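Coordinates in review
In case you want the letters, here they are:
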Amino acid sequence: MSDASVLQELRGVRNATPSVWFMRQAGRSLPEYRALREGTTMLESCVRPDLTAEITVQPVRRHRVDAGIFFSDIVVPARQAGLGVEIQPGVGPVFDHPVRTVADIDALPVLGDDYEAALEPIRAAVRLTVAELGTTPLIGFAGAPFTVASYMVEGGPSRDHLRTRALMRSEPEAWARLAAWVAELSGRFLRAQVLAGASAVQLFDSWVGALSAEQYLTHVQPHSAAALAHVGELPVPRIHFGVGAAHLLPQMHAAGATAMGVDHRLRLDQALEMLPTGTPVQGNIDPAVLFTSEEARFAEARAVLEAGAGASGHVVNLGHGVPPSTDPQVLTDLVSFLHEQDLAQDVRPA
């Protein structure tokens, strides 16, 4: 598995042909996913090993991408820990009882043996998935402390995260306790996936772009570092990705990442100037081009390869997740196009 092209790129070893996978490659854009999910809630499908494995493998089978991303949701660990949460169609994750006071934090479950036992369906799903994928590596997944804690504080999706940011400022000790709880929640979730067979991990911070660098360093970075530390001594690449977080790349890398995901708002060559020399990068085709002409899509792909040519390693991905309305054939064709490119000849710097 260590010879897999994605893992080599994530470790800073370049290949002649691009490696590619897509965030949210499994899910609503695939008709086979929609058929399989009929009659099952999103969170139920995330804890049924047979469904989770099949959903994870579906896009690898269809698109021939170079890695699978473990099918899950950032609130699955909270659900397994005993919190009441559901994903409401058209809304997103909604918690039964938002966590907004010290008393709410005091009432959070202790993450002991019960939580470890509750992760067994996740470990079983990873084992099934790895067996199905064969020589294609599986990337483990978890939500970062800021984003998961923000969902808990807000009670559901939020555009401005006002309650979360207010808690940080007004009760920093309470926020730190909550974020530390989520860091253990997510960190152990990542570790369970790696010990069951995942070959890399990605910590995903959907909402971290709402913070300043100072806020991130003070209130978030230590907790993201604690989450990643749960897999720190394991021999797997650690990808850290945030949405709208171009201004936070160095700080997010310093939290313990070995590779950085970059969204579509920043060119990869500019990201490389901000990151320590030798940092592998992942990204960052604008998802909007999936709804343009083939000529425009391929031109964007070439531009991303050129911008990432100076990196020690580059895994091609989107700058965010696959939109649900994406035509699956567009992704299949994009993967084929990328696999046809000769990096040594076409885009590597002279």
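The structure under discussion appears in the preceding block.
Let me sum up the structure you'll find in this document. Source: prediction; values computed, not measured.

Another point: the packing of helix H9 (residues 145–154) against helix H11 (residues 172–196). Contact geometry of H9 with H11 gives a least axis separation of 9 Å together with a crossing angle of 120°. For H9 against H11, the interelement crossing comes out right-handed. Within the contact between the two elements, H9 uses Pro145, Phe146, Val148, Ala149, Met152 and Val153 and H11 uses Trp175, Leu178, Ala179, Trp181, Val182, Ala183 and Ser186. Looking at side-chain class alone, the contact of H9 with H11 contains twelve nonpolar, one polar and no charged residues.

The next point concerns the packing of helix H4 (residues 49–63) against helix H8 (residues 120–133). For the pair H4 and H8, the least separation of the axes is 8 Å and the interaxial angle reads 35°. Where H4 crosses over H8, the two elements pack in a sense that is right-handed. Residues Pro49, Asp50, Thr52, Ala53, Thr56, Val57, Val60 and Arg61 of H4 pack against Pro121, Ala124, Ala125, Leu128, Thr129, Glu132 and Leu133 of H8. Among the residues forming the contact of H4 with H8, the class breakdown is nine nonpolar, three polar and three charged.

Right, let's talk about the sheet that holds strand S1 (residues 19–20) for a bit. Spatial strand order, S1-S10-S9-S8-S7-S6-S5-S2: eight strands in an open sheet with parallel pairing. With one partner strand each, in any of the chains shown, S1 and strand S2 (68–69) form the two edges of the open sheet. Bridge count for S1 against strand S10 (residues 314–316) is two bridges, and the pairing is parallel. Within S10, the residue paired with Ser19 across the bridge is Val315.

Taken as a whole and judged by the stated rule, the model has six aromatic pairs. Ring geometry for Tyr151 and Trp207: centres 6.1 Å apart, planes at 55°, overall tilted. Taken together, the residues span a long stretch of sequence, with Tyr151 in helix H9 and Trp207 in the loop between strand S6 (200–205) and helix H12 (213–229) at a distance of 56 residues.

Right, let's get into the pairing of strand S3 (residues 85–88). Pairing of S3 with strand S4 (residues 92–95) involves four bridges; the strand directions are antiparallel. Note that in S4 the partner of Glu86 across the bridge is Val94. If you look at the hairpin formed by S3 and S4, you'll find three residues sitting between the two strands, and Gly90 has a positive phi there, around 80°.

Turning next to unusual backbone geometry. Residue Asn284 is reached from Gly283 by a cis peptide bond, and omega for that bond is -15°. Among the secondary structure elements, Asn284 is positioned in the loop between strand S9 (281–282) and helix H15 (294–307). The phi dihedral of Arg64 falls on the positive side, at around 65°, and the residue is not glycine. The class for Arg64 is exposed, based on a relative accessible area of 59%. Backbone geometry places His161, a non-glycine residue, at a positive phi of 55°. The topology assignment puts His161 in the loop between H9 and helix H10 (162–170). On the basis of relative accessibility, which here comes to 3%, the residue His161 falls in the buried class.

Counting 118 residues, the largest nonpolar core has Phe22, Met152, Trp175, Leu178 and Trp181 as its most contacted members. It is H11 that provides the largest number of residues to this core, a total of 13 residues. What Trp175 contacts, discounting residues up to four positions off in sequence, is Phe146, Ala149, Thr164, Leu167, Met168, His219 and Val220.

Time to look at the side chain of Thr326. Within the secondary structure, Thr326 is located in the loop between S10 and helix H16 (328–339). Among the polar contacts listed, one links the side chain of Thr326 to the backbone oxygen of Pro323, at a separation of 2.8 Å. Not counting residues up to four positions away in its chain, the partners in contact with Thr326 are Ser29, Leu290, Phe291 and Leu331.

With that settled, consider the environment of Glu173. The topology assignment puts Glu173 in helix H11. When the C-alpha atoms of Glu173 and Glu54 are compared, they prove to be 42 Å apart, with 119 residues separating the residues in sequence.

A few words now on the pattern of salt bridges. Within the structure shown, the criterion is met by 13 salt bridges. Close ionic contact of Glu120 with Arg123 constitutes a salt bridge, the shortest N to O distance being 3.0 Å. Placement of both Glu120 and Arg123 in helix H8 is noted, with a separation of three residues, approximately one turn of the helix. What makes Glu120 partly exposed here is its relative accessible area of 32%. The class of Arg123 is buried, set by a relative accessible area of 15%. Taken together, the shared-partner salt bridges in this structure form one network comprising Glu116, Glu120, Arg123, Arg127, Glu184 and Arg188.

About the thresholds
Residues numbered from 1 in each chain as written. Predicted model: local features only at pLDDT ≥ 70, side-chain atom pairs only at ≥ 80, totals over all residues. Heavy atoms only, no water. Axes fitted to C-alpha atoms, helices over the stretch in contact; angles between N-to-C directions. Helix = DSSP H or I, 4+ residues; strand = E, 2+ residues; numbered from the N terminus. Left-handed = near helix turned anticlockwise from the far one by under 90°. Contact = heavy atoms within 4.5 Å. Nonpolar A, V, L, I, M, F, W, Y, C, P; charged D, E, K, R; others polar. Pairing = 2+ DSSP bridges. Phe/Tyr/Trp six-rings, centres within 6.5 Å; stacked < 30°, edge-to-face > 60°. Buried < 20%, exposed > 50% of the residue type's maximum accessible area, 1.4 Å probe, protein only. Core = buried A, V, L, I, M, F, W, Y, C linked by side-chain atoms within 4.5 Å. Polar contact = N/O pair within 3.5 Å; in protein donor to acceptor, adjacent residues only side chain to side chain. Salt bridge = Lys/Arg side-chain N within 4 Å of Asp/Glu carboxyl O.

Keep in mind that these numbers describe shape and distance, not what the molecule does.
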